[in-house]
Amino acid sequence: MIDKAREILRQTFGYEEFRPLQADIIQNVLQKRDSLVIMPTGGGKSICYQIPSMIFDGLTVVISPLISLMKDQVEQLEEFGVPALYLNSSLTPEQYQQNIAKLRRGEAKLLYLAPETLMMDSTRRLLTEFTVDCFTIDEAHCISEWGHDFRPDYRQLAEVRKDFPNAVCLALTATATPRVRDDIQQILEMKDSARFVASFDRKNLLLKVVDKDNPLDQILDFLYTRPDQSGIIYCFSRRQVDELYADLKANDRSVRPYHAGLSEMARSRNQEAFIRDDVDIIVATIAFGMGINKPDVRFVIHHDMPQNIESYYQQIGRAGRDGIQADCLLLYSYSDKQKIQYFINQKEGQEKEVAKKHLYSIIDFMEYDGCRRIPLMEYFGEEYEKENCGMCDYCLKQMGDKQDFTEQAQKFLSCIARTDQRYGAYHIADVLRGSKAKKVLESGHDQLSTYGIGMEWSKNQWIQLSRMLVRKGHLKKDPEHGSLLLTDEAKAVLKGNEQVRGILDRTQTTSPEEAMPRTDNEVENKYDEHLFEELRKLRKEMADEQEIPPYVIFPDTTLMEMSYYYPQDEDSLMGIYGVGSMKLKKYGDDFLDIIKKYCEENNVEERSKVLRKKVKKTQSKQKYELVGEEYNEGKSIEHLAEQFGVKEVTILSNLKKFIDDGHKIDPSGLLAASSLSERKIDEVNEAMEKVGPEILKPVYEELNKSVDYNELRILQLAHIARNRD
Ligand code: ADP
Ligand code: ZN
C-alpha cells in the first residue's frame, strides 16, 4: 500500500520522495492505527492524511479551527486534482447546500469541517450516510487546556469520534510540550496509538539577532538586499505597527499594516494582498499569521523582542515553509526587555512565575554566545549536536573572527568603578573620550584618571562594547536607573584574570557572509533569475484570473526548478518538483511556451534532471540500470556523467554492474570514449586475452604499465561486452 501512496505522491502532487516520517505515518494510518503526529510548521503534515484519503474507499473528515485556511486548502487540493470540500460558517446558505449535494453525489474524498459545524446535529446526521475511514484532527493541541490555544469545542471531539467506530484517528499538531501530547492522546482515547515526533530544527531558516540601534535604518538596510521578497515584520504594539508602517511607506516600500485595531475588512484586505503577492511586506502584531499558509515568506523580522521562545519559534516558523532559505532577524534592545518585564510585573502569582520563565527562555536565546540552534532546540527538548549549523549569525561569523577587547573592557569597567556605578554607557563613553559635556564637567569626572584614556574609539564603539559586556554578563543594568553595575566577572577582567573576546558591532542587519550560497542545493543557487521572473509574472496573471493565490498554482520551488532545468516538453515538465498530472494538464502548455521561447531567444538548452519520478514508470530501477539503459540508447559516457552529476569512472562502474547483471551493452560507445590508438587498443585486448580481463592489475603489468587504469577500465568493459555477444 505504501507503494500506492508513493505513486500518488509523485503522480498527483509531483513530489519525488517522502519527507522524514511521512511514509511511516501514512503506513500507520492506512493500517487503521491511531496516530499522533508532532511536526513543526512546514514539516508536511497535510500529506499524511491527504494521501490516505485517496486510498481509502470511504470519506476522510478533517477538523480544523482555522476557518480562513479551509478555503485555501481546498483550493490547493483542487489544483492537484484531489476532490475536496468544506463546510463552515463562512459559506452562504446556498454554497453550504451545494457542498452537501456534492458530498452526496460522491464528489469528495476529503471533507474539511470546523469543530462547531461538526458538533451540529444536522452534520452528525449527514455523516451517518457515509463510511468515514479517517477522522483527522488538525491543530490537535486545541484540545488541551495546557496548550496555547485551548478551545472547549475541541473537547467534544472525543465524543463525536464515537460516531465513526471504523475510522482511524489522526491527530496533528506543531506544539511540542509533552504535557499537551499526553493530553491529546488521553482525551481522544487513541488506541494502539503511535506517536511520531519530527525534529523541530528548521534547517532552512537563517537565525540572526542584532542589537537594535536605529531600527528603521537597520530594517531598510535589510530590505534593500531583498527586493520583491515577501516578508513579515512583527512589532510589540499596535502603535509601533502604525509607526513603522508609515515609515516604510514613506521609504517607498510595498507594505501594509495588520493589527487588531484595524477593521475586520481592512485586516482581511491587507492579508489577502499579501497572500496574492500584491504587496511584499506586512507589518503586524502577533495577531497576524495563524490563518496564513503562504509557503514563500522569505523573511520574518522581529522589530521588538518576542514575549517568549515558543511564540518566537511559531512566528519565524511562518518563513520558508517551501524549504527554501528564509531569514529570521531579531532586533534586540535592553529597553524591550524592560518593557516586557514591566508587563510581567503587572501579573500575579503563578501566572507571573510562568511569564518570567518564558521571558528568561527568550533572553537566554538572544544572549547566547554560541550557535543559536543550541538554546532553541534545547527548549523543545532536542539536543543540537552539529558543531556549526552554518545558518545562524554565530556560526556564520566563525569563532576566529572574534577580536580581543580585554584592554578596552578594562578601561570601560574601571571608569564605571571610579564613577561609583552610578552612570549609564553614554556618560562613561563621554568620560573615556575626554568630553567637555556639561554633565562630565559638573560631576568633576574630568579629574578622574580614566578621563580621556579612550580617545582611540568613537563614542559608538564604546556603546557597542558596553552592550557586549552586558551580553556577556560582565555588567548588569540597574533596572530602575539604567546605570551600569559591575558583576564578579567584571572584577576578574579588571584583575587581568579573564579575557574579553567578541564581535563589537552587532548592529549590522546584512553581512557579506550571508550573500554567499549556504545551502548545497544547486537549483536554489544557480537558477536563471530572468526566466524565473517571467514565470512569476505568468503565474501571477493566471492566479489573478482565477482569483487564487499564486502559490496555489505553483510554489516558488517549482518555478526555480523550471528556471534551472529548462524543461522542453511535457515529459520533462512532469519531472519538475510540484508538477503533478492535473497541473500538467492545466498549466503545462502555458509554462512550456514561455520556457521554450526564452531558451530560443537566449540560446540555452535543457538540463536533464535525474528523475526519480521516472524511475517509477520502470518499476523502481536502480541507478546503474538507468545508466545502462541510457547508455544503450546511445548516450556517451561523458554525457551520462554530466547528466547524473558523477565522475566518468562511476558511470563505468555502473555499466560494469549492469553487465554483471546479465545485460548486454554496445561496446562501440566505450571504444569511442577511449583516447588510445587502434594499435594500442589491440595490444590491450591481447593482454586481456592472455591474463584474463576481470582483474586489471595483471593486465597493467603485462603492458609494462604503459596504459593507465582509466583507459583499462574502459577497454575492460568493451572487452567483456564484446564477448557477451
Ligand atoms: P504543515 O501542515 O506541517 O505546516 P504542509 O503540509 O503545509 O506543512 O507542508 C508544507 C509544504 O511542503 C507544502 O507546500 C507541501 O506541499 C510540501 N510538502 C509536503 N510533503 C512534501 C514532500 N514529501 N516533498 C516535497 N514537498 C512536500
Ligand atoms: Zn549555528
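Residues numbered from 1 in each chain as written. Chains lettered and ligands numbered in written order. Predicted model: local features only at pLDDT ≥ 70, side-chain atom pairs only at ≥ 80, totals over all residues. Heavy atoms only, no water.

Attention now goes to the packing of aromatic side chains. Describing an aromatic ring pair means giving the distance of the ring centres and the angle of the ring planes. According to the stated counting rule, one finds 23 aromatic pairs in the structure shown. Taking the centre distance of 4.5 Å and the plane angle of 55 degrees together, the rings of Tyr 313 and Phe 380 count as tilted. Of this pair, Tyr 313 sits in helix α14 (residues 309-316) while Phe 380 sits in the loop between α17 (373-379) and α18 (393-396), and the two are 67 residues apart along the sequence. For the pair Tyr 313 and Phe 380, one class covers both residues: buried. Seen from their ring centres, Tyr 379 and Phe 380 are 5.3 Å apart, and the 85 degrees between their planes marks the pair as edge-to-face. Its relative accessible area of 29% is what places Tyr 379 among the partly exposed residues. (Phe/Tyr/Trp six-rings, centres within 6.5 Å; stacked < 30°, edge-to-face > 60°. Helix = DSSP H or I, 4+ residues; strand = E, 2+ residues; numbered from the N terminus. Buried < 20%, exposed > 50% of the residue type's maximum accessible area, 1.4 Å probe, protein only.)

So, on to the sheet that holds strand β9 (residues 231-234). The sheet built from 6 strands is open, its strands ordered β8-β13-β12-β9-β11-β10 with parallel pairing. Looking along the sheet, the strands with just one partner apiece sit at the ends: β8 (205-211) and β10 (255-258). Going from strand to strand, the sheet's axes swing by 15 degrees on average, the running direction of each strand aside. As judged from the 4 bridges shared by β10 and strand β11 (residues 281-284), these two strands associate in the parallel manner. Along β11, the bridge assignment pairs Tyr 258 with Ala 284. Against the sheet, helix α13 (residues 264-275) touches β9, β10 and β11, its axis set at about 140 degrees to β10. (Pairing = 2+ DSSP bridges. Axes fitted to C-alpha atoms, helices over the stretch in contact; angles between N-to-C directions. Contact = heavy atoms within 4.5 Å.)

Here we take up the side chain of Glu 16. On the secondary structure map, Glu 16 appears in the loop between α1 (2-11) and α2 (22-30). By relative accessible area, Glu 16 is classed as buried at 15%. A polar atom in the side chain of Glu 16 sits 2.8 Å from the side chain of Lys 609. (Polar contact = N/O pair within 3.5 Å; in protein donor to acceptor, adjacent residues only side chain to side chain.)

For the rest of this paragraph, the subject is the site of ligand 1. Near ligand 1, the surroundings consist of 16 residues, among which Tyr 15, Glu 17, Gly 42, Ser 46 and Tyr 577 are the closest. If ligand 1 stood free it would expose 570 Å²; the protein chains cover 84% of that surface. Tallied by class, residues from the shell around ligand 1 come to 6 nonpolar, 6 polar and 4 charged. (Near = heavy atom within 4 Å. Areas by Shrake-Rupley, 256 points an atom, 1.4 Å probe, with all protein chains shown as cover. Nonpolar A, V, L, I, M, F, W, Y, C, P; charged D, E, K, R; others polar.)

Let us now look at the pattern of salt bridges. As enumerated under the stated definition, the model contains 42 salt bridges in all. Here Lys 212 and Asp 304 are joined by a salt bridge, their closest N and O atoms 2.8 Å apart. With Lys 212 in the loop between β8 and α11 (215-224) and Asp 304 in the loop between β12 (299-302) and α14, this pair connects stretches of sequence that are 92 residues apart. In this structure, Lys 212 and Asp 304 share a single accessibility class: buried. Asp 336 is the partner of Lys 212 in a salt bridge, and the nearest nitrogen-oxygen pair spans 3.1 Å. In this pair, Lys 212 sits in the loop between β8 and α11 while Asp 336 sits in helix α15 (residues 334-346), placing the two residues 124 residues apart along the sequence. Pair check on accessibility: Lys 212 and Asp 336 agree, each one buried. (Salt bridge = Lys/Arg side-chain N within 4 Å of Asp/Glu carboxyl O.)

Our focus in this paragraph is the domain arrangement of the chain. What the domain assignment lists for the chain is domain 1 (2-197), domain 2 (205-399), domain 3 (403-502), domain 4 (522-616) and domain 5 (617-722). Taking only C-alpha atoms into account, the centre of domain 3 sits 58 Å from that of domain 4. (Domains from an automatic or database assignment.)

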